[in-house]
Amino acid sequence: NPKPVRLGFIGVGIRGTLLMEAAAGIAGVEIKAAADCYKGHLDAARELISPAPEVTGDYKTILSRPDIDAVATTWPSSPPAIMRGTKARSALVTP
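Residues numbered from 1 in each chain as written. Predicted model: local features only at pLDDT ≥ 70, side-chain atom pairs only at ≥ 80, totals over all residues. Heavy atoms only, no water.

*Asks:* Explain the environment of W75 to me, using residue names and the numbers behind them.
*Replies:* Mapped onto the secondary structure, W75 falls in the loop between β4 (70-73) and α4 (79-85). Look at W75 and you get partly exposed, because its relative accessible area is 34%. Counting along the chain gives 63 residues from W75 to V12, while the straight-line C-alpha distance between them is 9.2 Å. Once residues lying within four places of it in the same chain are set aside, the contact partners of W75 are I10 and Y59. (Helix = DSSP H or I, 4+ residues; strand = E, 2+ residues; numbered from the N terminus. Buried < 20%, exposed > 50% of the residue type's maximum accessible area, 1.4 Å probe, protein only. Contact = heavy atoms within 4.5 Å.)

What follows is the structure in C-alpha coordinates.
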(Lines give C-alpha, C1' and ligand atoms only; values in the text may rest on other atoms or scores of the structure.)
Protein backbone atom coordinates (compact mmCIF):
# COMPACT_ATOMS: atom_id res chain seq x y z
CA ASN A 1 0.00 0.00 0.00
CA PRO A 2 1.27 3.48 -0.81
CA LYS A 3 1.98 5.84 2.05
CA PRO A 4 -0.80 8.43 2.56
CA VAL A 5 -0.14 12.11 1.90
CA ARG A 6 -0.69 13.93 5.18
CA LEU A 7 -1.88 17.51 4.81
CA GLY A 8 -2.09 20.53 7.08
CA PHE A 9 -4.22 23.57 6.25
CA ILE A 10 -3.63 27.18 7.18
CA GLY A 11 -6.74 29.32 6.88
CA VAL A 12 -9.95 27.32 6.84
CA GLY A 13 -12.52 29.99 6.11
CA ILE A 14 -14.68 29.65 3.01
CA ARG A 15 -11.93 28.98 0.43
CA GLY A 16 -9.80 26.96 2.82
CA THR A 17 -12.73 24.78 3.80
CA LEU A 18 -13.60 24.12 0.16
CA LEU A 19 -9.99 23.15 -0.53
CA MET A 20 -9.85 20.95 2.57
CA GLU A 21 -13.10 19.16 1.68
CA ALA A 22 -11.87 18.56 -1.87
CA ALA A 23 -8.56 17.14 -0.58
CA ALA A 24 -10.39 14.92 1.92
CA GLY A 25 -12.21 13.29 -1.00
CA ILE A 26 -8.99 12.13 -2.63
CA ALA A 27 -7.95 8.55 -1.93
CA GLY A 28 -4.67 8.38 -0.05
CA VAL A 29 -4.96 11.87 1.50
CA GLU A 30 -5.21 12.44 5.25
CA ILE A 31 -6.16 15.83 6.67
CA LYS A 32 -4.02 15.95 9.81
CA ALA A 33 -4.43 19.52 11.08
CA ALA A 34 -5.99 22.91 10.45
CA ALA A 35 -5.10 26.39 11.68
CA ASP A 36 -7.20 29.53 11.70
CA CYS A 37 -7.54 32.57 13.94
CA TYR A 38 -11.34 32.17 14.20
CA LYS A 39 -12.69 29.47 16.51
CA GLY A 40 -15.82 29.08 14.37
CA HIS A 41 -13.71 28.08 11.37
CA LEU A 42 -11.86 25.51 13.46
CA ASP A 43 -15.11 24.09 14.84
CA ALA A 44 -16.45 23.75 11.28
CA ALA A 45 -13.26 21.97 10.16
CA ARG A 46 -13.70 19.40 12.94
CA GLU A 47 -17.34 18.86 11.99
CA LEU A 48 -16.82 18.60 8.21
CA ILE A 49 -13.77 16.35 8.02
CA SER A 50 -13.69 12.77 9.22
CA PRO A 51 -11.62 11.78 10.98
CA ALA A 52 -11.53 15.25 12.52
CA PRO A 53 -8.21 17.06 12.11
CA GLU A 54 -6.39 18.55 15.05
CA VAL A 55 -7.03 22.30 15.13
CA THR A 56 -5.07 25.27 16.39
CA GLY A 57 -5.21 29.05 16.39
CA ASP A 58 -1.48 29.26 15.68
CA TYR A 59 -0.37 28.49 12.11
CA LYS A 60 3.20 27.92 13.30
CA THR A 61 1.98 24.72 14.96
CA ILE A 62 1.11 23.38 11.51
CA LEU A 63 4.51 24.37 10.14
CA SER A 64 6.41 22.66 12.93
CA ARG A 65 4.71 19.27 12.70
CA PRO A 66 6.99 16.60 11.25
CA ASP A 67 4.00 14.34 10.53
CA ILE A 68 2.65 16.72 7.87
CA ASP A 69 3.92 16.13 4.33
CA ALA A 70 2.51 19.30 2.76
CA VAL A 71 0.80 22.52 3.80
CA ALA A 72 -2.11 24.06 1.92
CA THR A 73 -3.15 27.64 2.45
CA THR A 74 -5.52 30.24 1.05
CA TRP A 75 -3.83 32.98 3.05
CA PRO A 76 -2.59 35.27 0.23
CA SER A 77 0.53 36.63 1.91
CA SER A 78 1.75 33.32 3.30
CA PRO A 79 4.18 31.75 0.78
CA PRO A 80 7.38 33.33 2.19
CA ALA A 81 6.36 32.52 5.77
CA ILE A 82 5.54 28.93 4.91
CA MET A 83 8.74 28.33 2.97
CA ARG A 84 10.82 29.75 5.85
CA GLY A 85 9.00 28.01 8.67
CA THR A 86 7.81 24.65 7.48
CA LYS A 87 9.29 21.31 8.42
CA ALA A 88 6.97 19.70 5.89
CA ARG A 89 8.66 18.22 2.85
CA SER A 90 6.76 20.52 0.49
CA ALA A 91 4.22 23.33 0.51
CA LEU A 92 1.06 23.67 -1.52
CA VAL A 93 0.08 27.28 -1.99
CA THR A 94 -3.18 28.47 -3.45
CA PRO A 95 -4.09 32.02 -4.44
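Picking up where we left off.
*Asks:* Please set out the nonpolar core residue by residue, giving values where relevant.
*Replies:* L7, F9, V12, M20, A23 and I31 are the most contacted members of the largest nonpolar core, which has 13 residues in total. Counting residues per element, this core draws most heavily on strand β2 (residues 29-35), at three residues. Non-local contacts of V12, meaning those with residues more than four positions away in its chain, are made with T17, M20, A34, A35, D36, H41, L42 and A45. Core analysis: the second largest hydrophobic core is formed by seven residues, I10, A33, L63 and I68 among them. (Core = buried A, V, L, I, M, F, W, Y, C linked by side-chain atoms within 4.5 Å.)

*Asks:* Just give me the short version of unusual backbone geometry, but keep the residues and values in it.
*Replies:* P51 follows S50 through a cis peptide bond whose omega is 0°. One can find P51 in the loop between α2 (39-48) and β3 (54-56).

*Asks:* Give a detailed account of the pattern of salt bridges, specifying residues and quantitative values.
*Replies:* All told, the structure shown has six salt bridges when counted by the stated rule. Put simply, D43 and K39 hold a salt bridge, and the shortest N to O gap is 2.8 Å. With D43 and K39 both in helix α2 and four residues apart, the pair spans about one turn of that helix. A salt bridge links D43 to R46; the shortest N-O distance between them is 2.7 Å. Placement of both D43 and R46 in helix α2 is noted, with a separation of three residues, approximately one turn of the helix. Accessibility expressed as a relative area gives 23% for D43, which makes it partly exposed. For R46, a relative accessible area of 38% gives the class partly exposed. (Salt bridge = Lys/Arg side-chain N within 4 Å of Asp/Glu carboxyl O.)

*Asks:* How would you summarise the side chain of R6 if you had to cite specific residues and measurements?
*Replies:* In this structure, R6 sits in strand β1 (residues 5-10). Classification of R6 by relative accessible area gives buried; the value is 16%. Separated by 3.0 Å, the side chain of R6 and the backbone oxygen of D67 make a polar contact. (Polar contact = N/O pair within 3.5 Å; in protein donor to acceptor, adjacent residues only side chain to side chain.)

*Asks:* Before we move on, could you go through the side chain of T17 and cite the residues and values that matter?
*Replies:* Within the secondary structure, T17 is located in helix α1 (residues 14-24). Judged by relative accessible area, T17 falls into the buried class, the value being 13%.

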